[in-house]
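One letter stands for each residue in the lines below.
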Amino acid sequence: MRRSGVVCAGEMLYDAFETHLLPGGAPANVAIALRRLGIESRFAGCLGTDAKGDALLTTLHDERVDTRSVQRSLLPTRVVEVTRDSTGDRTFHRFRGAKPNAFADTHFDKALLAADTFDGVAYLVVGSLELAYEKSRETMMSLIEKARGVNIQVVFDINRRPMFWMPEEAQYEHARASAVLQHAQIVKASGDEARWLFGTDDPAGIITMHPHLRAIVITGGAHAITFSIDGTVGTVTPPPIRVVDTTGAGDAFTAGLIAALLGNGTDERLVPAAVWDAVRFAAAVGTLATTSIGALSALPLRAKVDEFMREQLLVR
């Protein structure tokens, strides 16, 4: 039977804007974006047993995300303060109420993982933030190793946030990200993240250094997206739009890329035309996600993406 599901593992939290407290967390954003694009997705992570954790779990249920691998902890659900500038670009500042290592997501426990977490799954999506804490790091690495053992492709969406790291742990951030990289087939990064991890933001050069990678995609907000996917190298400029808030746009892009890859068969190398279509589709999803405040509010349904692409003449 063809596998078509996606597990998104890591953090789910609240983004606190000036007057809004809105659900977020990159892996959860990707899981919800995938469901809106018609792809089966599961979120694997740990939420608090507090009212905020209850509300986040309700959000996942409302979005029809599979929650079989959601765990609960007595630690509080994480809240991160966010501001936006005049262009809609967001900045993450600090956590409310506790040190970085004192929130529920840090207690994601490999001993409590559902036995059927990977049933019917084609991709595992991970980021770097839960590598900052011992228990969640062990769980993330266990998921990655199990995924590779059953030929599930690992998507590493770096999503670097130094504020998540305690000062005594920050020195290990690069090494831990590099350990995940060795198991990944697909990497999505910003230009800054690529230069931090690889020493370059040239996709072709990165593939040369890491030939085990199937794909590297480097996003730049409203600027050019550069990529090397299945041997096809190129640049795509996102379609223009009035940006309200960039929170979650990169996560939406990741979901769009995975949805496009699933549509072409997970184990097949894409022909160049299909690669270009996949990146344009992902760019459209990411662009539409910037049109209102919060990571989830503007995540589009597939019909909306298709309509937008036709309007922008992005379809062949």
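See the structure printed just above.
Worth saying up front: this structure is predicted, and the values here are computed from it rather than measured.

Asks: Now, about empty space enclosed by the protein: what can you tell me, with residues and values included?
Replies: Over the atoms, a rolling probe the size of a water molecule traces out where space has been left empty. Overall, the coordinates contain two cavities of 30 Å³ or more when judged by the stated rule. In this structure, the largest cavity encloses a volume near 50 Å³. Lining of the largest cavity is provided by Glu 11, Ala 26, Pro 27, Val 30, Val 125, Val 126, Gly 127, Asp 157 and Asn 159. Elements that contribute at least two residues to the lining of the largest cavity include exactly helix H1 (26-36) and strand E8 (121-126). Considering every element that reaches the lining of the largest cavity, the biggest residue donor is H1, with three residues. Here the residues of the lining of the largest cavity are counted per class, giving five nonpolar, two polar and two charged. Within this model, the second largest cavity holds a volume of roughly 40 Å³.

Asks: If you had to explain the pattern of salt bridges to someone new, which residues and values would you point to?
Replies: Between side chains of opposite charge, a pair can form as their charged atoms come close. What the rule picks out here adds up to 15 salt bridges. Between Arg 35 and Glu 40 there is a salt bridge, and its shortest N-O distance comes to 3.8 Å. Arg 35 gets classed as buried once you look at its relative accessible area, which sits at 7%. For the salt bridge of Arg 68 with Asp 66, the shortest nitrogen-to-oxygen distance reads 2.7 Å. Its relative accessible area of 33% is what places Arg 68 among the partly exposed residues. Linked through salt bridges whose partners overlap, the residues forming this network are Arg 42, Asp 66, Arg 68 and Asp 116.

Asks: So what's going on with unusual backbone geometry? Which residues, and what values?
Replies: At Asn 151, a residue that is not glycine, the phi angle is positive and equals roughly 60°. In this structure Asn 151 comes out as exposed when scored by relative accessible area, which is 54%. We note that Asn 159 has phi near 50°; this positive angle belongs to a residue other than glycine. By the secondary structure assignment, Asn 159 is in the loop between strand E9 (153-157) and helix H4 (173-181).

Asks: Please set out the sheet that holds strand E1 (residues 5-9) residue by residue, giving values where relevant.
Replies: In spatial order, the strands read E5-E4-E1-E8-E9-E10-E11-E12-E13; together these nine strands make up an open sheet with mixed pairing. Only two strands of the sheet have a single neighbouring strand rather than two, namely strand E5 (70-73) and strand E13 (232-236). The mean inter-strand angle of the sheet, taken between neighbouring strand axes irrespective of direction, is 15°. Relative to E5, strand E4 (residues 41-48) runs parallel, the two sharing four bridges. Across the sheet, Gly 48 pairs through a bridge with Ser 73, a residue of E5. Against the sheet, helix H8 (residues 272-288) makes contact with strand E12 (223-229) and E13, and its axis sits at roughly 35° relative to E13, the strand it touches most.

Asks: So what about the nonpolar core? Which residues, and what values?
Replies: Of all hydrophobic cores here, the largest spans 59 residues; its most connected members are Val 6 and Tyr 123. No other element matches H8, which puts ten residues into this core. Membership of the second largest hydrophobic core comes to 46 residues, among which are Phe 103, Met 163, Val 180 and Phe 198.

Asks: Let's hear about the packing of H4 against helix H5 (residues 191-198): which residues, and what values?
Replies: Between H4 and H5, the shortest axis-to-axis distance is 10 Å and the interhelical angle comes to 95°. As summarised for this structure, H4 and H5 are arranged roughly perpendicular, according to the angle between their axes. Contact residues: Glu 173, His 174, Ala 177, Ser 178 and Leu 181 in H4; Trp 196, Leu 197 and Phe 198 in H5. Partitioning the contact of H4 with H5 into residue classes produces five nonpolar, two polar and one charged.

Asks: Lay out the side chain of Glu 11 with the relevant residues and their values.
Replies: For Glu 11, the position within the fold is in the loop between E1 and strand E2 (13-16). There is no salt bridge for the buried Glu 11, and the closest opposite charge comes from Arg 78, which lies 7.4 Å off by N-O distance. Aside from chain neighbours lying at most four places away, what touches Glu 11 is Gly 25, Ala 26, Pro 27, Ala 28, Phe 43, Asp 105, Leu 129, Glu 130 and Asn 159.

Asks: Hey, could you go over the side chain of Gln 71 for me, with residue numbers and the actual values?
Replies: The residue Gln 71 is located in strand E5 in this model. According to the relative accessible area criterion, Gln 71 is buried, its value standing at 7%. A polar contact is formed between the side chain of Gln 71 and the backbone nitrogen of Asp 109, at a distance of 2.8 Å. Every residue in contact with Gln 71, bar those within four places of it in the chain, is listed here: Gly 45, Cys 46, Leu 47, His 107, Phe 108, Asp 109, Leu 112 and Leu 113.

Calculation criteria
- Residue indices follow the written sequence of each chain, beginning from 1 at its first position.
- In view of the model being predicted, local features appear only for residues whose pLDDT reaches at least 70, and side-chain atom pairs are presented and counted only at 80 or more, with totals across whole chains, interfaces and linings using the full set of residues.
- To get the side-chain values, all heavy atoms of the structure are used, and hydrogens and water are removed first.
- In this analysis, the protein atoms alone were mapped onto a 1 Å grid. Cavities are point sets where a 1.4 Å probe fits without being able to get out; pockets are open sets with protein on both sides within 12 Å along at least five of seven lines; lining residues have an atom within 4 Å of a point.
- Grid points are joined across faces, edges and corners, and a volume is the space filled by probe spheres set on the points.
- Secondary structure is summarised from DSSP: a helix means a run of H or I of at least four residues, a strand means a run of E of at least two, and numbering begins at the N terminus for each.
- Just so you know the grouping, Ala, Val, Leu, Ile, Met, Phe, Trp, Tyr, Cys and Pro go in nonpolar, Asp, Glu, Lys and Arg go in charged, and all remaining residues, Gly too, go in polar.
- Any Lys or Arg side-chain nitrogen located within 4 Å of an Asp or Glu carboxyl oxygen qualifies as a salt bridge.
- In this scheme, a residue with accessible area under 20% of its type's maximum is buried, one over 50% is exposed, and one in between is partly exposed, where area comes from a 1.4 Å probe on protein chains only.
- Each pair of strands is called paired provided DSSP finds at least two bridges between the two strands.
- Lines are fitted to the C-alpha atoms to define the axes, a helix being fitted only along its stretch in contact, and any angle between axes, read from their N-to-C directions, falls within 0 to 180 degrees.
- Every residue pair with non-hydrogen atoms within 4.5 Å of one another is taken to be in contact.
- In this description, a nonpolar core means a group of buried Ala, Val, Leu, Ile, Met, Phe, Trp, Tyr and Cys residues linked to one another through side-chain atoms lying within 4.5 Å.
- Here the angle decides the label: under 35 degrees means roughly parallel, over 145 means roughly antiparallel, 65 to 115 means roughly perpendicular, and every other value means oblique.
- Charge counting follows a simple rule: Lys and Arg are positive, Asp and Glu are negative, and His as well as the terminal groups are ignored.
- Polar contacts here mean pairs of N or O atoms no more than 3.5 Å apart (in protein, one a potential hydrogen donor and the other a potential acceptor; neighbouring residues in sequence count only if both atoms are side-chain atoms).

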